[in-house]
Structures are given as structure tokens and as C-alpha cells.
2 protein chains.
Amino acid sequence: MDRPVAATRKPRRASKSKDLGSEARLMALAENRIAIEGVAPEIDGGRFAIKRTEGEPLVVSADIFSDGHDEIAAAVVYGPADTETWSETPLTFVANDRWSAEIVFDTPGPYRFSIVAWRDLYATWRDEATKKRDAGKLTDLELTEARELVKNAATSGRGSKADQKAVAKLHDKLEKLSVKGDADGQYDLMQAAATVALLQAAGHRTHQSRYPIDVPVWVDRTAAAFSAWYELMPRSQSGDVNRHGTFDDVIKRLPDIQEMGFDVLYFPPIHPIGSTNRKGKNNSLTPGPDDPGSPYAIGSDEGGHDAIHPELGTFEDFARLVEAAKQHGLEIALDFAIQCSPDHPWIKQHPDWFDWRPDGTIKFAENPPKKYEDIVNVHFYRGALPSIWYELRDIVLFWLDKGVRIFRVDNPHTKPFPFWEWMIAEVRKVDPGVVFLAEAFTRPKVMKRLGKVGYNQSYSYFTWRNAKAELTEYLTELTQTEAAEYMRPNFFVNTPDINPLYLQVSGRPGFRTRLALAATLAGNYGVYSGFELCEFLPVPGKEEYLNSEKYEIRAFDWKGEGNIRDDIAFFNRLRRSEKALQDFRSLAFYNFFNDSILYYGKRTADLSSFLLFAVTLDPHAPQGGQFEVPLWEFGLPDDGSVKVEDMVTGQSFAWNGKVQHWWMNPYDRPYAVFKISR
Amino acid sequence: MDRPVAATRKPRRASKSKDLGSEARLMALAENRIAIEGVAPEIDGGRFAIKRTEGEPLVVSADIFSDGHDEIAAAVVYGPADTETWSETPLTFVANDRWSAEIVFDTPGPYRFSIVAWRDLYATWRDEATKKRDAGKLTDLELTEARELVKNAATSGRGSKADQKAVAKLHDKLEKLSVKGDADGQYDLMQAAATVALLQAAGHRTHQSRYPIDVPVWVDRTAAAFSAWYELMPRSQSGDVNRHGTFDDVIKRLPDIQEMGFDVLYFPPIHPIGSTNRKGKNNSLTPGPDDPGSPYAIGSDEGGHDAIHPELGTFEDFARLVEAAKQHGLEIALDFAIQCSPDHPWIKQHPDWFDWRPDGTIKFAENPPKKYEDIVNVHFYRGALPSIWYELRDIVLFWLDKGVRIFRVDNPHTKPFPFWEWMIAEVRKVDPGVVFLAEAFTRPKVMKRLGKVGYNQSYSYFTWRNAKAELTEYLTELTQTEAAEYMRPNFFVNTPDINPLYLQVSGRPGFRTRLALAATLAGNYGVYSGFELCEFLPVPGKEEYLNSEKYEIRAFDWKGEGNIRDDIAFFNRLRRSEKALQDFRSLAFYNFFNDSILYYGKRTADLSSFLLFAVTLDPHAPQGGQFEVPLWEFGLPDDGSVKVEDMVTGQSFAWNGKVQHWWMNPYDRPYAVFKISR
């Protein structure tokens, strides 16, 4: 029989390596021996930043593994974006090749993290040596290998000078023990905690591999994630429908607003209002001579987005208001509505920012066949690119100069996403603490995209989620899915544009219910003035307010009978005192065996602030039943006990056993709040 | 009152634009006005290819949307990798901003796809014009805008010359109608199907945006996803334990194997076997002088991985075997086991490919405290990088030259992932039809990573999934999650290394059950010879075969009593005749109200091949009960009827109503197969 041997094969290496692929590709692939994948959180492959607030923990996790059985180690590396500064925190093994670590960024701004992993030859040695020793098979060979490992650490280029000195000393010690034939001594020294730490700091990182993406993180000031908004129309603050309110009138209202415990005081546009095609009362097309027009019809010969409507006051008045608000614990938020009345100065100054029709007329905003003839929209492309991008950025910077650091943006989904991404980043270069709230009541993916491109907060569908199943599903999506990494809801109970059907028929109990939900389910929530008075009169058949302040000056008795100012103050106090309410993601729904009662918990990771909320969604009839106390969150059995504080009454008691009972009359109080502890 | 106007604002544009950010960034962002995200399928941001086979549909989907309300359009662009060739298929709107399209690649090789989207001004015009016309508000202005749209199409640079001529002609016609004052004529012409098609082909694509990732697709020949493997040890094919089998003996067995209907005939290593530290019968350390050794102890002075064990035959014999197999509808698969006996020629020729200990001895494979002294492993880094990478690639290319296009790779998870990624890509440059099967019985993420880096097929946990819940959960993971895009299981019922506990105690019924499951649940499945004889004798207490062929020559009566060759032939025939069985992902589990019966359907998208399988998992006692006929898959009500063909008996009948009944005695037949149609 012939003997077929290797010689029958023509060697290919020399001849074919060039034909078949570049050695560069081989070497590039070889550099990342360790697989690092499934990195979380990460949005769209690192295209967009995840969001955190200053001091808020960020748990980074990833699947990390290598071929074979050698030990590996890994670390998250992180630091400010656009710098060469990298800190490092070890990742620890969780299970099933998953590793994780917690990092924190202390000040607002842009950051990024990535992951490195390497084969830890020293850990492999320790593991194998222990097994061999336990089996009585540890020989001098393994100890010689250990001495070589230590010796090699000197060439790692890692660790401090002191570390490298310690390495040399360690090697000496091992050599001496070896000369003495002291195997146990060498083994013990190699396994010592100090040696582990020293070689972690100064040892080689064999085959260190790096995750190719620097995952961007945007760190906000706390107010971006935790704030209570109060919205009012300055012109309605005079207390007299015949007198246009002023900034000074608003200053007089600050103690009231502070008493309710709000953080942010937000105004719809305060700019000059156009007169061409002005709207009259209740959105009519036939205004009277004294009708003030919609503040969203921005711009007249008195100025545009960088001017103040003269009847409200001067820039000096505005500055005084900003300062007075600060004295009352309130921050002013302005509306940024990129739309123009036909009288806006831009139309003459920058015709290329607008759409013109073949007959030379300007194109009004429209939703065919409807036309909105008091408003024209700017164009962001063609002749307006990039000039209007700069102009709009500069308007935000202008108001920033005036002390405004929070902007509620009107209809951002009708302006290009790239504009927002660029503009928000630009403004943040000047002040990373500027907060943008997106008023985008539109399709879910569009709303999410605005969060991705940089918006700090987003209006939500909360206003239309009333039933238990709806609220549970929607809040689970907002707080427990990837969206929570980049989109923070701001739960407005009402707005000048939305008089919710639920509140039109719920009476006062429904207002208290919706307040309780908004204030406790979201980190950010908001109230449009009138809500505290249970204002509900609609334009018949519509979710709009009758005699809306958008088209006329109104006057209110801010402390009128039946107001729910006490409830508002209660929840705002609770939000400030309980850390559990300061992170919208710390939410869990629990079982209340009644479909009219939403029952949920908010808790800090250490359970030191653990609140339970039962809110009846039925504003008309008493509701109650059995519910489950989440004893398991404390590791307690079903017959365990927790201490309870009723946060409304201040009473303290205990719940013994998992199943308890509660009953609520909505006319009395449609919510209950309990703080529980072990 | 002072009049605060724009003049009070210092213009920032000129002075600050440079400080605040580069215009380049603005313009780059502006280029992608349309959001394209959530592209599927896509693995790790395009880092790894998704897999399809030649002619298999690939459904691409993505979330695509723009700001505002204008109409958009989108297309998937695709073509062979590393070329400038791009085809285009329109994406169609599905729901909730999701779009999708189906594309197909006809020949094996590397491809990629991406997505483009643009604002379709013409569609927007049509939509708005229709609404205005329906409201009686269509004016000559809209028609003038339409004529301008058409006129502008001439500058699009798109469409054929004929298209551009047609555009000019269309514009002329519109102008003439306009001169005549024929509004209806213009409107109708703009809405005509031919105009829609023409402007789609030749109109402007306003703000065309492109998804930044070219998503890689690897297209395999069909055998990569659909194959039935038969594994045998050539040396046991002589029929006489005292005579070493040869390739010619294997040739004699081909008709038998063809009769059972297999596609692939796979051999464990056929290379020279080392004698140093050779293993004896039943893996003993004390071999007799005639013991042949494990074929996995590769290499002796007769050669290494590119040589044939002399007692099997010559390269000429091997060539004859490859050709004879082809004549019998069988393709030869070889084992690629990167490990060496201590006698492998490489050890002297390439000492830098191995690990050496401080005392100058070679490091054996070990799993401390165990040592495997008949095997040493190569090193892929240090002095072996890149030389052994080339050598190993060249060994695969060597056997490819000998007509072998399928490789079962031994323990790939103990070799670096980058090596596989590089090597598989290199081999595919020579022949994109080469198939690699990963024998990685290891942790789930490691197994998946091997699929990602290029393996066409993967061994699985199927061998250890016996209960209904286990099988349902595992098959759902394999067929319905992202893993199905890159990992194709090959369900081996047994292997030389695995004598499953289930089969050790199930008797013949259990063999038929496991065959039925493997052959119908996976596109690829395999049988190690002896299975058809219901061989089950274990090393006591282990999942290993007693008197394993790995350590001795065996002889079998291949048509002995109690064999299940008819069952094997039945399932292999069924697999070839029914398209539903050729895609492992076309699986759905249905309700059989008995936890011992796994009941599932496999179907083509058009339902022309729709099979139902009921397999009893209890090999000891009869089982039966009620089950649900998936009438809903045909859009039928619960009292509807389907035609049924019993694929085992050939009987035809009908099922009237959703709930039916079946009973199986495992000693008679532990499975039922029904083909249903409307």
C-alpha cells in the first residue's frame, strides 16, 4: 500500500497567502480575541446617547467570553467625551457569560464608555494550581511557571513605579522560596490577596480586546429628570379680564405657586403677536378689535422670537421676574415655538426661510383642506440651510442669556430631526444644563426619535391613558424598555390644548386621581393653571377648553372653593422628601384585585424609600378590595410583616401577611400612599 | 412702556457660529433628514452577516419616518459585497412607521443591503390635491405647482433617457391643458398611473437619506441549511473486527446509506494516528499492541492533517470514494480536528506552534487535574501568529482540492473566534459552497458566536432536550429569535461521544421518537451509525458507548432485526418531497392536550406544504388525547374543515372542527404525520 504523507501536498502558505486575503485583515481580527457583545445600555449601536443625571448610577453590562477555558477579566472604561481621559472600573461576572459594573458621572455633560477584556493568565494559574494541589499533583513545574508570570509582569508597562518595585520584590521572594524548596510558601504567596491585587494592577493583560464602540452618555442636571411644572398665561394674571396681565402680575403670584411646591414655572410664548388673520375668542376667524390673539402667532412689527410682547413688560421686568422666581424656588421655562404670524419680521428680512407659491403669496400652515392663516412655517432646507439653523440656535442662546435654561418646544416633530440634534448639542456646549421638553403628540417612534436626538423630556400619551390596563401597559413601556434610556416622560395632566375627556366628566375626584398618577408615576409632571380649580368646561364635543386663554384674557380666583391645592402641595412635598419618586424607572405594578384601582410601588435600590400607591380610577363610586403587599421585595415570606406609614394621615401600623384590604371613597380621597419598611 | 425689539439682541450668527460648532457637522447631519432605524435583520450593528440560502426570500424591514406630514418613499438597496453593483426594491408601508420588502439572492456568496428613503413631493402633491379637490378647494395654484414639479423632474438626473423624454412630454401636455384652462384634465393626468410610475422612476428624490450601515448577508448553497447526515467510522466497515476497514469497504456500504435517504456521509478523522500514549479499548491507558487508537490523536511519522491513515487506503482510493458517493447522492464530510498526537510532524517542524513548559516538555491538553496525554493542542498566538493560521487554512483548502466541501469542526470553541472568522472567509473566497459544522457543546453565547463568525451549521442541545416543555422552549429560541438569522442547528440524535440517557432506557420506540423529532424540527439533522440498529449499550453511568468505535474496530449487522431503517427512509423522503421541512424556521407549536405528546406544524408561506406532527415522548406507554387543528392558519372558523392526508398510511380524510383526537402506541408507531390543506 502506498504511504500518502505530507509531502504529497504542495505547500500553499507561501504561494497563496497573498492571493487569498490580506495579512492585515488577519492581524486586525486577531487583535480582538475576546468576544465583547450585547453591550447595554446602548442605543442604535452607539448612534445616540443614553441619558443619566449627575450622580445617578449607570449599570453597564455585556456578554464577554473567550475561546477555551482560560480565565478572563474585563473592565468598563469611561470618561468625558472628546478627551483622552479614561477611568476604569472592573466588570464582575454575573452569570451565563454576562458581566456588569456600575459607574457614575458627577457633573452634566457628554461622556462615553467602552469595554476592555483580556485573558488573565495569572488567574488561570491560580485556578489550575489550586485544583492540582487539591489533587496532590502540584509540582515544581507549576511554581516555575508562576515565577515566570511574575517576572514577565515587569515588562507589562502597567502599574505605578511602586507596583513595579513590588513585582520585583515578589519575584525575589519567590526565587528565594524556590531555592529553599519551599513549595507551600511559593503557593501561598502566589495566592495571597496582596499578590492578586498587585498583579491585577501591574500584570500583563494578555490579548486585551476592546469593544469597538464608544457608547455615548449624556449626563443631565437633576431637573431634567425630576421636576414639577406649573404652566400659566402671564396675560391672565391681572385678576381682571379687562387688564392685560404683566410680568409684575406674575411676580405677585409666585408665593401661591411656591406654596403648591412646584419647581418650574412655564409660560406659553411671550413674544409680540401678529395682527394679520388674528384669531378671536374660541378660535373664531372674526376677532373683535380688543382680542389679544393667540400667543402662538408669533411676530409683529414689534419684533419676533427675540422680543417681548410689550403689554407683558420689558426685558428689565422679565429679568426681575426671573430673579423673583428663583427666590421662590422656581425656574422659568419658556416656549420655543418655531412659527410665525404673517407679520413676523423674518418674512421680509429672510424670504428664503419661507415657502412661496407660484403666485408670489406665502404658503400658510395647512392640513388640507384646512388652512391656518394666522401662521406660516419656516423652511429648514434650500435657501434656509444653514442660515435659519444658526438663527434659531441663537434665539435659544439669547434667552439663555436672559436666565432661561428650560425650553418647552412646540411641535418639534414638524421640524427636521437633524436640526434638533445639531441645535441641542450646540446649546449644550454653552450650558450643559439647558433642558428641552418636546411637545410632540404624535406617533410613538417619532416621539422616541426626538428623545434620541437630544430632548431631555417628552410629553406623553399619559393624558389619554385612563384605564388600569392602559396605564400599566404604557408605564411598563416607558419605564422598563430601552426607551427609558433616552426618553423621559413629562406627565402633564392638562395643557392649554388638551382638556381631557376624563376630566370633563370626572368632577373633583378625577382631578385628584390624575394628579396623584402624574405626580408619582413620572419623574417630571406638569399642571396647567386652572387644573387646581378643577376647571373643565369644554368646547362641546372637543378636548378643548371653552373660552380658552389662548384666544382671550381670563381671570381666576386661584384659591376658589373646591380647589385641590392641598393635594398638589402634598404630592410635591412627598416627591421632594422621598428618593423613590425621583427616578421614574423605579416602578413596579403589584396586584390589587380590583380593575378600578391602580396599585404600584416606587422604591430605591436599597429599599430605604419604598412607597406604595393605590389610586382609584373610578371618580364616581367607592372601590376597594384585597391587594398584595410586596413582601418578597424584602425577601420576606407570605406571612411576613412590614411596618407601614400612611403618608396621608401620618398613622403608623403594621401589615402582617401578604394579602391586605383597602377601601376608597373618591369623594373623600381617591388615593392612598403608604411607606413600608422591614 | 419701552418697546423691546429685535434690535436689542446682538446678532450671534456671524460671531459665534465658529466658536460653537463646525458647519460641517451641521451639513452632515442635515443630509439625513429621514430617520431610518430599527433595521432588521441586522446582527450586532452589521458586525456579522445574516444567513440565507440561494433563492431564499429575505424580508427586510425598518422604521422609516420624517418630520412633518409630507409623504415619504423608501427602498432597500442591495447587491454583491465588494462591488459597486446595487439593485433596488421599493419598501412598502406596513404600519406604525414600519416598512418592509422582500429580496432574494440567487447564488452563494457575500452580499449586503442598506436602505434609502426620501421625501416624495409628488406623492404629497397628489394627496393634498385630492383632499382639496374633494373639498372643492383645488385652484390653479396647485396645478401650477404640479407643472413645476414635473418640470423639475428634468433636473433629477434619474430615470432613463426615454423617461426624461416622457417627462418633457408630460410637462408639455400639462402646459397645453393649462392654457386651455382644463383643470380637470391636468388633475387627471397628474393622478394617472402612468404619471405615478414615470415620476417614481424619473422624479427628484428630495432629501434622500441613507441608512449608514451596509448590512452583510451571507448566502449559502442549500445544503448548508438542509441536509441529512450519516456518520460512520470507515475502519469499522469491513464487517470483521479483525480487519481494518478501508475506503473500499465504505464504497460497498453506499447503497445501504443511499437507501436510507441521506445526503451527507461524514467520517471522523481519517489521518494517521499517533502511537505515543495511545488509548486502548474503552479509553483505557493500557492499549494492547493491536489497538488502533483514537482517530482524534492525529499525526504520526506517516503524516498529519494532510495525510491519510494508511490502513484506510490511498488518496486514489479516497478520490474513488468521493466519486462513488456522488453517484449515490451523497457528499463526503470530513472532520477538521485541530489537535495533535505527540507524534504529529508539526511538533518537530513548528515547535513555536505549541506550548512548552519550563522543563522543556510539551504541554498536554488538560482540564486540571485531568491530563489528556495522547493529545497536544496548538497555539494560535505568539510565535504561531500568523503561520499556523495559514497552515490550517491550507489544510482545509487541501481537502477542498480532494473534493471535500463539508467540514465538521471538532471543538471549535477552544480555538480563537478571530481565527474562524478569518479562515472561513478565506476558504469561501475559493469556494462559497464550503460548509462548516461547529461541534461546540458549550455555553449558549459561545455557540452563537461561532454562528456569527461564519459557521454554517451548529451542533445543539437537542440531544439533551427530551420533555415537551424543554423542546418547545429550545426550539422557539432556535427558530423564532434573532439567533435564527445566523445559527442553523444540526440535530444529531447521537454521536460517537454522546449516547444519550434517553436512548439508554427508551428501547426502540425512543429511537423512532428521537428520529422523528430530529428529522422534522431541524433543517439539518444527523445520525451516527448504530442508531438505526437501536444500539444503546453505555459505559455504565455515562453518556458514552460501551466498546466505542473511537478506541476499537467494530463490526455490525447493518440490517439486523429491530432496525429502524424504514423510519429513516420515510422521514428522508418526506423531507425531500415537502418544502415545509426545508426551512427550520417555519415551525409553530400547537396544542395537544397531553404533556407527553409534542405537536407542531411546519408550513410554507403559501400553505401549499403544511404538515402536522404528533410525536409521543413517552416510549413506554400509549398516549393520546385531544388536539387542535390550526384551522386559523387557513383563515377558517373553529367549525371549519380541512382535507387531511396521513403521510404514513397514505389515507385521505377530513377533519371537521378544530378539536380532534389521536392515540398512539409507541410500540406500534410513536409518531403521526398529517398533511393538511383547505
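Cut-off values and rules
- Residues numbered from 1 in each chain as written.
- Chains lettered and ligands numbered in written order.
- Predicted model: local features only at pLDDT ≥ 70, side-chain atom pairs only at ≥ 80, totals over all residues.
- Heavy atoms only, no water.
- Phe/Tyr/Trp six-rings, centres within 6.5 Å; stacked < 30°, edge-to-face > 60°.
- Helix = DSSP H or I, 4+ residues; strand = E, 2+ residues; numbered from the N terminus.
- Buried < 20%, exposed > 50% of the residue type's maximum accessible area, 1.4 Å probe, protein only.
- Lys NZ or Arg CZ within 6 Å of the ring centre and 35° of its normal.
- Salt bridge = Lys/Arg side-chain N within 4 Å of Asp/Glu carboxyl O.
- pLDDT = per-residue confidence, 0-100.
- Contact = heavy atoms within 4.5 Å.
- UniProt positions renumbered as here; feature names shortened; annotations may be inferred.

### Examining the packing of aromatic side chains
The geometry of an aromatic ring pair is captured by the separation of the ring centres together with the interplanar angle, meaning the angle of the planes.
Here's step 1: Summed over all chains, the structure comprises 96 aromatic pairs over all chains.
Here's step 2: Between A:Phe407 and A:Phe436, the ring centres sit 5.8 Å apart and the planes meet at 25°, which makes this aromatic pair stacked. With A:Phe407 in strand 16 (residues 406-410) and A:Phe436 in strand 17 (residues 435-439), this pair connects stretches of sequence that are 29 residues apart.
Here's step 3: Take A:Phe436: its relative accessible area is 0%, and that puts it in the buried class.
Here's step 4: Each ring, one from B:Phe380 and one from B:Phe419, has its centre 5.0 Å from the other, and the planes form 50°; the classification is tilted. On the criterion of sequence distance, the pair formed by B:Phe380 in the loop between strand 15 (370-376) and helix 11 (387-401) and B:Phe419 in helix 12 (residues 417-430) is long-range, its members being 39 residues apart.
Here's step 5: We classify B:Phe419 as buried; its relative accessible area is 0%.
Here's step 6: Among the aromatic residues, those joined into a cluster by ring pairs are A:Phe336, A:Phe380, A:Tyr381, A:Trp389, A:Tyr390, A:Phe407, A:Phe419, A:Trp420, A:Trp422, A:Phe436 and A:Tyr455.
Here's step 7: The ring centre of A:Trp86 lies 3.6 Å from the NZ or CZ of A:Arg112, which sits over that ring.

### Overview of the pattern of salt bridges
Here's step 1: What the rule picks out here adds up to 103 salt bridges over all chains.
Here's step 2: Where B:Asp567 meets B:Arg669, a salt bridge forms, and the shortest distance between an N and an O atom there is 3.7 Å. Separated by 102 residues along the polypeptide, B:Asp567 in helix 16 (residues 565-577) and B:Arg669 in the loop between strand 27 (659-664) and strand 28 (671-677) bring together distant segments of the chain.
Here's step 3: For B:Asp567, a relative accessible area of 4% corresponds to the buried category.
Here's step 4: Judged by relative accessible area, B:Arg669 falls into the partly exposed class, the value being 28%.
Here's step 5: What emerges from the salt-bridge pattern is a single network uniting A:Lys132, A:Glu142, A:Glu145, B:Arg357, B:Lys363 and B:Glu366.

### Digging into the confidence of the model for chain A
Residues and elements named next belong to chain A.
Here's step 1: Of all residues in chain A, 97% attain a pLDDT of 70 or more, and the chain-wide mean is 94.
Here's step 2: Across residues 1-19 the pLDDT falls below 50, and counting only partners more than four positions away or on other chains, this stretch makes 37 contacts in the model.
Here's step 3: For this predicted complex, the interface confidence score (ipTM) comes to 0.94, while the overall pTM stands at 0.94.

### A closer look at the UniProt feature "domain: Glycosyl hydrolase family 13 catalytic" (unreviewed entry) in chain A
Here's step 1: Here, the residues flagged by UniProt with the feature "domain: Glycosyl hydrolase family 13 catalytic" (unreviewed entry) are residues 231-565 of chain A.
Here's step 2: When the span residues 231-565 of chain A is considered, its composition is 32% helix and 13% strand, and the gap between its end C-alpha atoms is 15 Å.

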